[in-house]
Amino acid sequence: MNVIETSGLSKRYAPGVGVNALTLSVGAGEIFGFIGPNGAGKTTAIRTLMGFLRPTGGNAHILGHDVWKERTEVHRRVGYLPGDLHLPRDHSARELMTRSCRLRGGASADYGLEIARRLELRLDARLGSLSKGNRQKIGVTLALMHRPELLILDEPTDGLDPLVQDTVLALLREAAAEGRTVFLSSHVLSEVERIAARVGIIRRGELIRVESVQAFRASLPQLVSLRFARPPRVNLSALDGMTQGVADGLDFRGAWRGGPDALIRALAAESLDSFSLVPSTLEDAFMDEYRSEGPRKEADHVA
Amino acid sequence: MWPEAWAQTMQDSRRSLLWWAIGIALYTVMVLAFFPLLKGNTALADLMQTLPESLRALAGDNLGTPAGYVGGKLLSTIPVLLTLYAALQGSALIAGQEERGWLEFPLSQPLPRGALLLGRTVALLTMLLALGLTLFASIWLAGQVFAAPLPAGRLAGTVALHVLGAWLFGALTLALGAATGRPGLAVGVGAGLGTGLVVVQSLASQVQVLSDLAWLNPWKYALSDLPLERGANAWPAVICLLLGAALVALAAPAFGNRDVSQ
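Residues numbered from 1 in each chain as written. Chains lettered and ligands numbered in written order. Predicted model: local features only at pLDDT ≥ 70, side-chain atom pairs only at ≥ 80, totals over all residues.

Student: How should I be thinking about the sheet that holds strand 13 (residues 251–256) of chain A in this particular structure?
Tutor: Sheet strands pair via backbone hydrogen bonds, and the direction of the pair is either parallel or antiparallel. Residue and element names in this part refer to chain A. Spatial strand order, 12-13-11-14: four strands in an open sheet with antiparallel pairing. Sheet topology places strand 12 (242–248) and strand 14 (272–279) at the edges, where each strand pairs with a single neighbour. Sheet twist, expressed as the mean angle between neighbouring strand axes with direction ignored, is 10 degrees. Relative to strand 13, strand 12 is paired through five bridges, and the arrangement is antiparallel. Its bridge partner being in strand 13, Val246 is matched across the sheet by Arg253. (Pairing = 2+ DSSP bridges. Helix = DSSP H or I, 4+ residues; strand = E, 2+ residues; numbered from the N terminus. Axes fitted to C-alpha atoms, helices over the stretch in contact; angles between N-to-C directions.)

Student: What am I meant to see in the interface of chain B and chain A here?
Tutor: One widely used convention gives an interface's size as the accessible area the parts lose upon coming together. Taken together, the contact pairs 19 residues of chain B with 19 residues of chain A. Counting only elements with at least two residues in the side of chain B that touches chain A, the list comes to helix 1 (2–33) and helix 7 (104–107) of chain B. In terms of residue count, the dominant contributor to the side of chain B that touches chain A is helix 7 of chain B (four residues). Split by residue class, the side of chain B that touches chain A holds eight nonpolar, six polar and five charged. (Contact = placed C-beta atoms within 7 Å. Nonpolar A, V, L, I, M, F, W, Y, C, P; charged D, E, K, R; others polar.)

Student: Sorry, what's going on with the domain arrangement of chain A here?
Tutor: What the domain assignment lists for chain A is domain 1 (4–216) and domain 2 (221–279). The centre of domain 1 of chain A, based on its C-alpha atoms, is set 41 Å off from the matching centre of domain 2 of chain A. (Domains from an automatic or database assignment.)

Student: Honestly, the nonpolar core in this entry has me stumped. Any pointers?
Tutor: Side chains that are nonpolar tend, in soluble globular proteins, to be buried together. The biggest cluster of nonpolar side chains holds 141 residues, and the ones touching the most others in it are Ile62, Ile152 and Phe183 of chain A together with Leu128, Trp167 and Ala175 of chain B. Here this core takes 17 residues from helix 9 (residues 152–180) of chain B, the largest share from any one element. Not counting the four nearest positions on each side in its chain, Ile152 of chain A is found in contact with Ile46, Leu49, Met50, Val78, Tyr80 and Phe183 of chain A. Formed by nine residues, the second largest nonpolar core is a distinct cluster that contains Val224, Met242, Trp256 and Leu267 of chain A. (Core = buried A, V, L, I, M, F, W, Y, C linked by C-beta atoms within 7 Å. Buried ≥ 20, exposed ≤ 12 C-beta atoms within 10 Å, placed from the backbone.)

Student: Sorry if this is basic, but what is going on with the pairing of strand 14 of chain A here?
Tutor: Both faces of the sheet carry side chains from a regular strand, because those side chains alternate between them. Residue and element names in this part refer to chain A. Sparse coverage of strand 14 is indicated by the burial of zero of its eight residues. The pairing of strand 11 (residues 222–228) with strand 14 spans seven bridges and is classified as antiparallel. Pairing of Arg227 across the sheet is with Ser274, part of strand 14.

Student: Would you mind showing me how to read helix 9 of chain B here?
Tutor: In an α-helix, one turn spans 3.6 residues, which is why side chains three or four residues apart end up on the same side. Residues and elements named next belong to chain B. The terminal C-alpha atoms of helix 9, which comprises 29 residues, lie 41 Å apart, in line with the 42 Å expected from a rise of 1.5 Å per residue. Burial within helix 9 is extensive, with 23 of its 29 residues counted as buried. Gly181 sits one or two residues past helix 9 and shows a positive phi near 75 degrees. (Expected span 1.5 Å × (residues − 1).)

Here it is as structure tokens:
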């Protein structure tokens, strides 16, 4: 049985707003990254999975339970971190942990205390006096502390400094090593890459791709930037796999798709001053897509 | 599950409850402190007799007796105060907290929405009963100090009518907020109706149609029926209690079936 199983899951607020026909399976022990630009529908999808939003179409099951009709059973087995964490300002982390334990029938806080120690969380400080990063640590601790079978985390490393981000990612790897499942959203590909085996890409409410991180990564163009030592004989822009090539004297920039072999061979007879091949980020990839859609939208608008 | 939701709500609300209790106690002591100046003042009683009935109804009858003074000068404003408290709390407990994004934490625990609503409803009632107890104790004690002793049974019955009248409007506010997620709408309707009906009741002695329909107004039993002088009727209090509970019960399915905003 898959831990998360959705079929045509939709949550439409208005035409074009929300999530449309999401079909997705996430297996036990998997770390699944749910990525897309801000406003793509990640949070709506997650809040629908958590039973806060009523699906307008399709269905979703978590650990065999319908996410809307059996949400209490789902919540018993899921740890959740909201994307926008709101908690009363006069509470401390310790109070919130105690409350969570009591609402789970007297669950133990031991593991929560261990997480708090590893994150260097100040347990007795009031939330109102804490920075965004420290509040985020509380959210992460609350989500992980009961060792749930599934972790649903909306942008878990948002606002955390790099050292704490590492600790959080290590905690998630440990959870997966124990056979627990992690479903996390992010708009930063590099973060998801470090931890997830598989990613789903959401754009404008539609799940456009689900594949392994490696395959996804390979499909993104890499940015080529080089400077010839002498005027080149090769026309790089004409190579299969090169797009957006711009030659400016001895400098050349372009976007390269596919393995590096053909590019290296083409350059073999040339003399170079500098050369770099940089993987493009998720942001670059999405920017391209939005740019290509931009003018059409404007035309629609004018019409 | 709901007792835990109740306990956590009470913990969150204890500070504001404490301040309201202190305010009500101080108000009671302040009003009763002036009673010795009016006690047995026949000139005042004569003056009151010369007033038209409508003005007498507004000012309060028998200001020279403890029951008349407490009923006319002190308890006449209590429905407004208690209704405001009940409506503010009632809108905050579900809709107000939802607007701040605070409901996601309890609702992401294995706590059914119905249990959260039940726990918070019982908490609202508990808070109002605590304010009622404060009101009763401060009137009774200040009455002993300022030579305005009142029979404890009658006073308790009267305070119960006030508290459960306010409960009805607090429960209406809570129910509207839970069903719609809109705290402004809920507090506007609940507080507006509750305080508006206090004014309506003060006019009932002059307006025939209001007088005919006054049996529908919960404040009739707390104010116009002079429970402190004639003894309180238990039924209106029981009906308010049940009606408030029924309003929340009616809202529960809507709360369970709607989106919870972040």
